[in-house]
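# Geometric and topological summary
What follows is each chain in one-letter form.
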Amino acid sequence: MKAMPIVMLCAALLATGCATHPSNPQDPLEPMNRSIYNFNDKLDRAVAQPVARAYRQVTPQPARTGVSNFFDNLLDAYSLANDILSAQPVKAMNDLMRVAVNTTFGVFGLVDFATPMGLKSNKTSLGDTLARWGWKDSHYLVLPILGPSTVRDGLGTATTLYIGPERRILFKAPATANVADGVQLVSRRERLLDVSDAIDEAAIDPYSYTRDAYLQLRAAQIGGASQASAPASQTPNADDLDIDQLVTPDAAPSTAPSNVKPDASAPH
Amino acid sequence: MKKLLFTLLSLLILATPVLARADASPVDFVRENSKQVLDVLKTENGRNTRKIRDQIETMVIPKFDFKRMTAFAVGKNWRVATPGQQDELTNQFQTLLIRVYASTMTRYRNAQIDVKPNAVLNNNGAEATVRTEVTLPNSGNSQKPISVDYTLYKTSQGWRVYNVSVEGASLVTAYRSQFDTEVRTNGVDGLIKSLKDKNAKLASQGSGA
């Protein structure tokens, strides 16, 4: 399970640049992404979703919160490492305090005392670190099992999984580590049930809906530094589209003359 | 003199809310509507889903500008569509969005909505983005509140919403490339048909929230 994303990632990197007319310029790998998406979707409907729903049914909310807090605490430790790698001392201090508080008072992370104390959850990933050092725009990439990502974030995830210090330090035996990975996946899937149900209902093409929403979300997350590049790249024509040109505001222009932009009348 | 000043001051303070109501701020608009919708949704008990949905529909329709939303989602192909097609697209998209809105809100009906007091004004005050934070109940403390932003614009009848973003991702423009692909392969009528099919499929799934 650990090797698979890495193999797929290599395939993805090799395939970059030989794609034909994608529907989103940020998704040149669409054919491959779609097939991984379909594979994930089948697996999800057959296994992950039923398991996650059963998990939700069987366990009480406090137990689920405890489980998800435990893994969040691990992510905070990773976040701390990435805050340091991306030279963000304030966030690093914050995440250090989070891990310290939650590991001790929170009994190995089962209870999250840090958030009510005002220590924000950053969850800086290796992908964020790479983005911070300039890799802002990255092609969309669907990872097997793990789902939506980008080439940049996928590389980060693969590296993190590969290094995976918690496997040796915390879980020791590989079997324990695999169980932990499984539990983490189920816990994550359970938290995403409402979102995936909403997408199922809303989307005509769930693949592109998920992709476009994910890319926008990611751009907003990393976009703090580069406001210029993020929104322009999220959707085709997002930048040169003036909504007031498509529909006259309100059909009552007399009330809102300021909406009419005389300089934006050039056809494109 | 002091008394006069005091009287003037208190008059001013008393008058402020009145002035505010005459030209309701986008923040108040969003706050009031979120509250109303949640109040209705809290009366849902599993058997009255249909009724609740109708109620939400009548509440929500006048607050959103669905034509503008549809144009925003369709993008440049909007110009290609005839006025008749535009109306049909708007109708179908409106049905879909309301359905999605109602069931999403039902799922999150116990959420806390915190409407941020300062809206971001654009386009000389004709447009406003109102930020809200939604905190889910029972989600544990570690869950960050979800940011939901509403983009509104001023019409002669007051503010209207035409875009909703969750965590920076627009629920409207996320449709754009699906719509674009559909129009490129099957034309505007193809897009209308696929929206119709989607709505029919959702309707046949019954009242499932």
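Being a predicted model, the structure only gives us computed values, none of them experimental. (Residues numbered from 1 in each chain as written. Chains lettered and ligands numbered in written order. Predicted model: local features only at pLDDT ≥ 70, side-chain atom pairs only at ≥ 80, totals over all residues.)

So, about the overall build of chain B. When you go through chain B residue by residue, the secondary structure sums to 6 helices and 6 strands. Counting all 209 residues of chain B, 38% fall into the buried class. (Helix = DSSP H or I, 4+ residues; strand = E, 2+ residues; numbered from the N terminus. Buried ≥ 20, exposed ≤ 12 C-beta atoms within 10 Å, placed from the backbone.)

Once that is clear, we can look at unusual backbone geometry. Residue and element names in this part refer to chain A. Even without being a glycine, Lys123 presents a positive backbone phi close to 55°. Here Lys123 lies in the loop between helix H4 (89-104) and helix H5 (126-132). Classification of Lys123 by C-beta neighbours within 10 Å gives partly exposed; the count is 16.

Attention now goes to helix H3 (residues 61-85) of chain A. End to end, H3(A) covers 35 Å across 25 residues, agreeing with the expected 36 Å (1.5 Å per residue, within 8%). Just downstream of H3(A) lies Ala87(A), where phi reads positive at about 55°. (Expected span 1.5 Å × (residues − 1).)

It is worth spelling out the pairing of strand S4 (residues 146-155) of chain B at this point. In regular strands, side chains alternate between the two faces of the sheet. Residue and element names in this part refer to chain B. The buried fraction of S4 is high, at 7 of 10 residues. In the sheet, strand S3 (residues 127-135) pairs with S4 via 8 bridges, with the strands oriented antiparallel. If you follow Val130 over to S4, its bridge partner there is Tyr150. Direction of pairing for S4 relative to strand S5 (residues 158-166): antiparallel, over a ladder of 8 bridges. Bridge assignment links Lys154 to a residue of S5, and that residue is Trp159. Taking the residues between adjacent antiparallel strands as the criterion, S4 and S5 are bridged by 2 residues. (Pairing = 2+ DSSP bridges.)

Let us look at the confidence of the model for chain B. Residues and elements named next belong to chain B. Mean pLDDT over chain B works out to 82, with 86% of the residues at or above the 70 mark. Looking at the elements of chain B, mean pLDDT is at its lowest for helix H1 (residues 2-22), recorded as 58, and at its highest for helix H4 (residues 66-74), recorded as 92. Predicted confidence for residues 17-22 stays below pLDDT 50, and this span has 1 contact to residues more than four positions away or in other chains. (pLDDT = per-residue confidence, 0-100. Contact = placed C-beta atoms within 7 Å.)

Here we take up the environment of Phe72(B). Tracing the backbone through its elements, the reader meets Phe72(B) in helix H4. The sequence separation of Phe72(B) and Val164(B) amounts to 92 residues, and the corresponding C-alpha distance is 11 Å. Beyond its immediate chain neighbours, meaning those up to four positions away, Phe72(B) contacts Ile243(A), Tyr162(B), Asn163(B), Val172(B) and Thr173(B).

What follows covers the packing of helix H2 (residues 26-41) of chain B against helix H3 (residues 49-60) of chain B. Residues and elements named next belong to chain B. Packing of H2 against H3 brings their axes to within 10 Å, and their N-to-C directions diverge by 170°. By the angle between their directions, the pair H2 and H3 is classed as roughly antiparallel. The segment H2 lies against H3, with Gln36, Val37, Val40 and Leu41 engaging Ile52, Gln55, Ile56 and Met59. Split into classes, the residues belonging to the contact of H2 with H3 amount to 6 nonpolar, 2 polar and no charged. (Axes fitted to C-alpha atoms, helices over the stretch in contact; angles between N-to-C directions. Parallel < 35°, antiparallel > 145°, perpendicular 65-115°, else oblique. Nonpolar A, V, L, I, M, F, W, Y, C, P; charged D, E, K, R; others polar.)

Next up on the list: the environment of Ser194(B). Residues and elements named next belong to chain B. Within the secondary structure layout, Ser194 lies in helix H6 (residues 176-204). In this structure Ser194 comes out as partly exposed when scored by C-beta crowding, with 18 C-beta atoms within 10 Å. Spatially, the C-alpha atom of Ser194 lies 18 Å from that of Met69, the residues being 125 residues apart in sequence.

Below, the discussion takes up the environment of Thr173(B). Mapped onto the fold, Thr173(B) is located in the loop between strand S6 (169-170) and H6. Along the sequence, Thr173(B) and Val74(B) sit 99 residues apart, while their C-alpha atoms lie 8.1 Å from each other.

On to the nonpolar core, then. Residues and elements named next belong to chain B. Met69, Ala73, Phe93, Val130, Leu152 and Leu191 are the most contacted members of the largest nonpolar core, which totals 67 residues. Among the elements that make up this core, the one with the highest residue count is helix H5 (residues 83-107) (7 residues). When residues no more than four places from it in sequence are discounted, the contact partners of Ala73 are Phe93, Val172, Thr173, Tyr175, Arg176 and Phe179. (Core = buried A, V, L, I, M, F, W, Y, C linked by C-beta atoms within 7 Å.)

A rise of 1.5 Å per residue sets the reference length of helix H6 (residues 151-163) of chain A, with its 13 residues, at 18 Å; its end C-alpha atoms lie 18 Å apart and thus fit the reference within 8%. With its phi angle positive at about 35°, Gly164(A) sits one or two positions after the end of H6(A).

Another point: the packing of H4(B) against H5(B). All names here are of chain B. Relative to each other, H4 and H5 sit at 95°, their axes nearing to 9 Å. The orientation of H4 relative to H5 falls into the category roughly perpendicular. Where H4 abuts H5, its residues Phe66, Lys67, Thr70, Ala73 and Val74 lie against Leu89, Thr90, Phe93 and Gln94. Across the contact of H4 with H5, the residue classes break down as 5 nonpolar, 3 polar and 1 charged.

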